[in-house]
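The lines below spell out each chain.
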Amino acid sequence: MLKLSTSILLASSLLSAPTFAADTASTLTQVKERGYVNCVIGNSFPGFYSLNKEGEWQGMDIDMCRGVAAAVFGDANNVKFLPVQWAQSFTSIKSGKGDMLSKGMTWTLSRDAEQGLDFLDTYFYDGQGFMVRKDLGVTSVKELEGATICVLTGTSSELNIADYSRAHSLDLKTVVFDDSSVRNTAFFNNNCDALTNDKSGLAAQRSAAPNPADYVILPETISKEALSFAVKQNDSEWANVVKWTFAAMVAAEEFGITSENVDEMKANSQSPVVRRLLGVEGSLNKGLGLPDDWAYQVIKNVGNYGEVYERNVGPNSVLGLEREGTLNALWKDGGMMYAKSFR
């Protein structure tokens with residue numbers, strides 16, 4: 001079991017945190033001087049970000065932030081998590097209060113071009129779906145004509161519903177909420193006919209239901225949702241650190257490097273690519289402003305992409321999501337997970 005960071009910073013603290021002027025030290029310099037990464041997340045999304053019984057943050061998004069901390073400091077625990085409501089996600093990064101956004105955010109054109117963010121890599125490919133009560137007897141979204149749909153305001157789900165409803169003449173009526181927990185409670189209290197979210201989110205919400213077996217996720221997927229992390233716009237130095245940290249996780253899985261065997265691979269591998277990745281030879285770290293063993297620290301402390309996937313959202317996790325045959329598989333297995341070259 002990998003140790004998770006217990007550093008928690010409440011949204012109220014986030015709002016009162018000092019900001020940095022745009023013309024002061026770079027984000028990477030600020031992070032190094034501060035001694036930890038400020039990671040913007042949401043309040044609760046099991047499998048991606050949620051508190052366990054010990055009060056520790058865990059999930060796929062959490063591990064992405066911990067990986068960046070490991071790359072910079074050699075310690076995955078040098079991170080503080082800033083849980084914010086959806087509406088605060090963009091401003092928390094633009095203001096400099098957060099260093100990176102990792103909260104199941106879909107990469108869209110309007111967010112990329114209008115919100116002062118640069119989206120980087122996609123770490124989970126998803127799509128929007130619908131969940132209903134099993135006793136409703138519905139087997140397709142197209143049977144929901146005139147139905148009320150619980151949805152989180154400010155998300156891409158709102159526009160997707162409007163587009164899908166219009167295209168299929170379904171006259172779907174949205175009931176919007178600012179807080180995902182309130183939205184979920186409303187659905188489970190039968191205040192809406194259906195709940196819509198990314199399908200990974202629906203699996204998470206069903207797992208937390210009083211009686212999960214009472215609910216079914218309908219087969220249709222009505223959108224493409226590329227969950228990606230983001231940083232402040234035009235901050236290429238920091239963006240490089242974040243995106244190459246993720247690339248190291250994906251490359252490690254491709255080369256068979258895990259948190260368990262990384263020491264042996266570092267000591268004995270004769271592969272030039274593996275040796276460069278783990279800092280045994282070459283100087284790939286210099287352009288990033290990181291220690292020569294930065295990728296080794298990411299893999300040792302957090303694991304490769306497959307390890308992160310399996311423990312947080314895989315078949316044996318609370319979400320139970322299969323990876324084989326999906327876009328989240330490695331490129332060589334027919335998926336979309338593809339690390340750029342380490343040379």
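Above this text is the structure in question.
Here, residues in each chain are numbered from 1, in the same order as that chain's written sequence. Local features in a predicted model are, by the rule used here, given only for residues with pLDDT of at least 70; side-chain atom pairs are given and counted only at 80 or more, and totals for whole chains, interfaces and linings are based on all residues. Remark: hydrogens and water are excluded; side-chain values derive from all non-hydrogen atoms of the structure.

### Some words on unusual backbone geometry
Rule in force here: Here a strand is any run of E in DSSP of at least two residues, a helix any run of H or I of at least four, and the numbering for each starts at the N terminus. Exposure is judged per residue with a 1.4 Å probe applied to protein chains only, and the accessible area is read against the type maximum: over 50% gives exposed, under 20% gives buried, and values in between give partly exposed.
A positive phi angle, close to 65°, is found at N190, a residue other than glycine. Examined against the element boundaries, N190 turns out to sit in the loop between α7 (180–188) and β10 (194–198). For N190, a relative accessible area of 47% gives the class partly exposed. The phi dihedral of N234 is positive, around 65°, even though this residue is not glycine.

### A few points about the environment of L202
Assignment of secondary structure puts L202 in helix α8 (residues 199–207). Each C-alpha atom, one on L202 and one on N240, is 32 Å from the other, the two residues being 38 residues apart in sequence.

### Notes on the pattern of salt bridges
So the rule is basically this: Salt bridge, as used here: a side-chain nitrogen of Lys or Arg that lies within 4 Å of a carboxyl oxygen of Asp or Glu.
Scanning all chains against the criterion turns up eight salt bridges. For the salt bridge of D263 with K300, the shortest nitrogen-to-oxygen distance reads 2.6 Å. Residue D263 is found in helix α10 (residues 262–268), and its partner K300 is found in helix α12 (residues 294–301); the two are separated by 37 residues along the sequence. D263 sits in the partly exposed class, given a relative accessible area of 36%. Close ionic contact of R275 with E281 constitutes a salt bridge, the shortest N to O distance being 2.7 Å. Taking the relative accessible area as the measure of exposure, E281 reaches 31% and is therefore partly exposed. Each member of the salt-bridge network shares a partner with another, and the members are D63, R66 and R311.

### So, the environment of N160
Stated formally: The contact criterion used throughout is that any non-hydrogen atoms of two residues lie within 4.5 Å. Side-chain atoms alone can form a polar contact between residues adjacent in sequence; in general such a contact is a pair of N or O atoms within 3.5 Å, and within protein one must be able to donate a hydrogen while the other accepts it.
Here N160 lies in helix α6 (residues 156–167). Taking the C-alpha atoms as reference points, N160 and Q128, separated by 32 residues in sequence, lie 8.1 Å from one another. Setting aside chain neighbours within four positions, we find N160 in contact with Q128, I222, S223 and E225. Separated by 2.8 Å, the side chains of N160 and Q128 make a polar contact.

### Looking at the sheet that holds strand β11 (residues 215–217)
Sheets are built from strands that pair by backbone hydrogen bonding, the pairs being arranged parallel or antiparallel. Selection criterion: Being paired, for any two strands, means DSSP has found at least two bridges between them. In this description, a line fitted to the C-alpha atoms serves as the axis of each element, helices being fitted only across the stretch in contact, and the angle between N-to-C directions of two axes falls anywhere from 0 to 180 degrees.
The strand order β9-β8-β10-β7-β11 describes an open sheet built from five strands, whose pairing is mixed. Of all strands in the sheet, those with a lone pairing partner are β9 (173–177) and β11, marking the two edges. Ignoring which end each strand starts from, the neighbouring axes of this sheet average 30° apart. Pairing of strand β8 (residues 148–152) with β10, which is carried by two bridges, proceeds in the parallel orientation. Each bridged residue has a counterpart across the sheet, and for C150 the counterpart in β10 is L195.

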